[in-house]
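Chain by chain, the residues:
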Amino acid sequence: MEIFRTFVSLLSAIAIPALILFFLVYAAFRRVKVYEVAVEGAKEGFDIAVRIIPYLVLMLVSIAIFRASGAMDVFIAIVRPLTDLVGIPAEVLPMAIMRPLSGSGSLGIMTETMQAYGTDSFIGVLVSTLFGSTETTFYVLAVYFGAVGIRNTRHALPTGLLADFIAFLAAVFFVGVLL
Amino acid sequence: MLNHIWLALIVIGILTAAGRDIHEVSQNSYGNGIPWMLQIESPQTISVYGEAVETSLRVPRRQLQLHFHETAAADAVIPARVNLTHAREGVAVLDVTGDVPQQFKIMAEALGSGETLTARLRHRGSGWEAEFDPVSLVYLKKVTNAAFDIAGVAVQIAIGLIGIMALWLGVMKVAEKAGLITSLARIVRPITVRLFPDVPADHPAVGSMIMNISANMLGLGNAATPFGLKAMEELDELNTKKGVATDSMVTFLALNTSCITLIPATAIAVRAAAGSSDPAIIIGTSFLASLTATIFAVTISKLLARVKMFRWDRSEAE
């Protein structure tokens, strides 16, 4: 585990400089006019970033309204009997529900939950595993589809949410085995 | 689907806020209009009138129960800056950032910055009578503020992306011109032809997707987004119905959102900061949980693509 961790963190640290160096030097050998071509590509960055603004604003506003209203407490009260039945601790429900909606919101919930129940308790390890193993599905969908102007997202959202749910069950299972 | 959930979040949010506010108004949850009876701690220090003094206010347990309709375990002692006049009247600015009853924090947030709460003081008998501005419709105000604030934040996020996007798209363009992206796509061909059957195996989109997923696995979020957005643009070039997500786009996003995590860097950092004895213990569990999720995500994306309501040939851009 320790060797794996050192290896991966080393890889993360050198990945970007190595990639830039390799791409540019290789291209220069192939007689590509590196600077001119890079500027050409960089121009697209502005367009894409501006294009996602309306999608991002509307998606984040709807999530912010949901969060500020405290509707999550109501939602948790509704699903709690179900999760109690399966044996999932109710303390991690806020995290499971917030994770796909908001990155900063779930970061806050992870910190609060760990402070309340201890970082190395079952609940503490479970919330941090949940945070570490899934992405903010709504944000990713808004940004990625927004960049190419997709309005009909078809089965993307149900797929993302089902995958989040599977990740949640898997986290409960693997943390249970570990601790 | 996204339409409905988006609308539902807004409707549920506003209705819940309105419901809570109506409940609080009917209960008078913040004791509006009922004067508070409290003590100024060490009043002898307030000998000079017309000058602010740092002290604290003691709010008796009974008063908390009377105003907040909840049993309180102890008196509340709240740090405050008190400014009195000769007529034994004055103003107290309460600092509610510390360990004070939750309601005071909510009141401070509803009436101003959220850090301080202003009370008008008047001498009465052996103590002081305090009065706050009335507080109402807390949740609806919170919802409004949150919506306006986040609208600004969203633009900041997008603007913040410009620099990093320009850098990576510049580097990517160079790699593409040199033929590197096509070579990369050719190497992973056996996997990608199965995952993305409608994308030609040496299409630049494949290279960008691989770069995105690799960056995500290593926890390099800043590099992952530009690669991912580039991949979406390239996938959209193959799209015959603009505005409709293709099967490949959905499978790619399923891979992206459930992405296999080698190092959950943020979670480990937060655990270390919170004083964990073994912050990195979650590496194994995160890896296994995300691996499971990724396998299911790809399978689910393939299965749902065949469901009637999501089928490609039945989907229009509206």
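Since this is a predicted model, take the numbers as computed values, not measurements.

A. Spotlight on the layout of surface pockets. Estimates place the volume of the second largest pocket at around 860 Å³. Taken together, 31 residues form the lining of the second largest pocket, with Phe75, Val79, Ala96, Ile97 and Pro100 of chain A sitting closest to its centre. Those elements that provide at least two residues to the lining of the second largest pocket are helix H4 (71–86), helix H5 (93–98) and helix H9 (156–178) of chain A together with helix H1 (2–27) of chain B. It is H4 of chain A that contributes the most residues to the lining of the second largest pocket, eight residues altogether. When grouped by side-chain class, the residues that make up the lining of the second largest pocket number 26 nonpolar, three polar and two charged.

B. Highlighting the sheet that holds strand E3 (residues 76–84) of chain B. All names here are of chain B. One closed barrel holds the six strands; their spatial order is E1-E2-E3-E4-E5-E6, and the pairing between them is antiparallel. Taking the axes of each pair of neighbouring strands and ignoring which way they run, one obtains an average angle of 45° across the sheet. The pairing of strand E1 (residues 36–40) with strand E2 (residues 53–59) spans two bridges and is classified as antiparallel. Bridging across to E2, Ile40 finds its partner in Leu57. Against the sheet, helix H3 (residues 102–111) contacts E1, E3 and strand E5 (116–124), and its axis sits at roughly 110° relative to E5.

C. Examining the pairing of strand E6 (residues 127–131) of chain B more closely. Residue and element names in this part refer to chain B. Across the five residues of E6, four count as buried, placing the element largely inside the fold. Bridge count for E1 against E6 is three bridges, and the pairing is antiparallel. Across the sheet, residue Trp36 finds its bridge partner in E6, namely Ala130. Here five bridges tie E5 to E6, and the two strands are oriented antiparallel to one another. Note that in E6 the partner of Arg124 across the bridge is Gly127.

D. Structural context of the pattern of salt bridges. Evaluation of the coordinates by the stated rule reveals 20 salt bridges over all chains. The shortest N-O distance in the salt bridge between Lys173 of chain B and Glu44 of chain A comes to 3.3 Å. Linking Lys173 of chain B in helix H4 (residues 138–177) with Glu44 of chain A in helix H2 (residues 34–51), this pair reaches from one chain into another. Classification of Lys173 of chain B by relative accessible area gives buried; the value is 19%. The closest approach of N and O atoms between Lys242 of chain B and Asp236 of chain B, which form a salt bridge, is 3.9 Å. Residue class for Lys242 of chain B comes out partly exposed when judged on its relative accessible area of 46%.

E. Broad picture of the packing of helix H8 (residues 221–237) of chain B against helix H9 (residues 247–257) of chain B. All names here are of chain B. Where H8 meets H9, the closest approach of the two axes is 10 Å, and the angle between their N-to-C directions is 165°. As judged from the angle between their axes, H8 and H9 are roughly antiparallel. Our pair here, H8 against H9, has a crossing hand that is right-handed. Where H8 abuts H9, its residues Gly228, Ala231, Met232, Leu235 and Asp236 lie against Ser248, Met249, Phe252 and Leu253. For the contact of H8 with H9, the class distribution of residues is six nonpolar, two polar and one charged.

F. Structural detail: the domain arrangement of chain B. Residues and elements named next belong to chain B. Examined at the domain level, chain B breaks down into domain 1 (1–30 + 136–162), domain 2 (33–135) and domain 3 (179–314). If you sort the residues of domain 1 by the area they bury against domain 2, Tyr30, Ser136 and Val138 come out on top, with a joint share of 58%. At the boundary of domain 1 with domain 2, the tally comes to zero salt bridges. The interface formed by domain 1 and domain 2 contains two residue pairs in polar contact (both at pLDDT 80 or more). Of the residues assigned to the side of domain 1 that touches domain 2, the class counts are two nonpolar, four polar and one charged.

G. Region of the structure containing the packing of aromatic side chains. With the rule as written, the count across this model stands at ten aromatic pairs over all chains. With a centroid separation of 5.5 Å and an interplanar angle of 65°, the aromatic rings of Trp36 of chain B and Phe68 of chain B are classed as edge-to-face. One end of the pair, Trp36 of chain B, is in strand E1; the other, Phe68 of chain B, is in helix H2 (residues 61–68), and 32 residues separate them in sequence. Here Trp36 of chain B matches Phe68 of chain B in class, with each residue buried. Aromatic rings pair up to connect Trp36, Phe68, Phe104 and Phe132 of chain B into one cluster. Positioned above the aromatic ring of Phe131 of chain A, the side-chain terminus of Arg99 of chain A is 4.2 Å from the ring centre. A cation over a ring is seen here: Arg20 of chain B above Tyr139 of chain B, with NZ or CZ 4.8 Å from the ring centre.

Procedures and definitions
- Residues numbered from 1 in each chain as written.
- Chains lettered and ligands numbered in written order.
- Predicted model: local features only at pLDDT ≥ 70, side-chain atom pairs only at ≥ 80, totals over all residues.
- Heavy atoms only, no water.
- 1 Å grid on protein atoms, 1.4 Å probe; cavity = no way out; pocket = protein on both sides within 12 Å on 5 of 7 lines; lining within 4 Å.
- Points joined across faces, edges and corners; volume = space filled by probe spheres on them.
- Helix = DSSP H or I, 4+ residues; strand = E, 2+ residues; numbered from the N terminus.
- Nonpolar A, V, L, I, M, F, W, Y, C, P; charged D, E, K, R; others polar.
- Pairing = 2+ DSSP bridges.
- Axes fitted to C-alpha atoms, helices over the stretch in contact; angles between N-to-C directions.
- Contact = heavy atoms within 4.5 Å.
- Buried < 20%, exposed > 50% of the residue type's maximum accessible area, 1.4 Å probe, protein only.
- Salt bridge = Lys/Arg side-chain N within 4 Å of Asp/Glu carboxyl O.
- Parallel < 35°, antiparallel > 145°, perpendicular 65-115°, else oblique.
- Left-handed = near helix turned anticlockwise from the far one by under 90°.
- Domains from an automatic or database assignment.
- Buried area = accessible area lost by both parts, 1.4 Å probe.
- Polar contact = N/O pair within 3.5 Å; in protein donor to acceptor, adjacent residues only side chain to side chain.
- Phe/Tyr/Trp six-rings, centres within 6.5 Å; stacked < 30°, edge-to-face > 60°.
- Lys NZ or Arg CZ within 6 Å of the ring centre and 35° of its normal.

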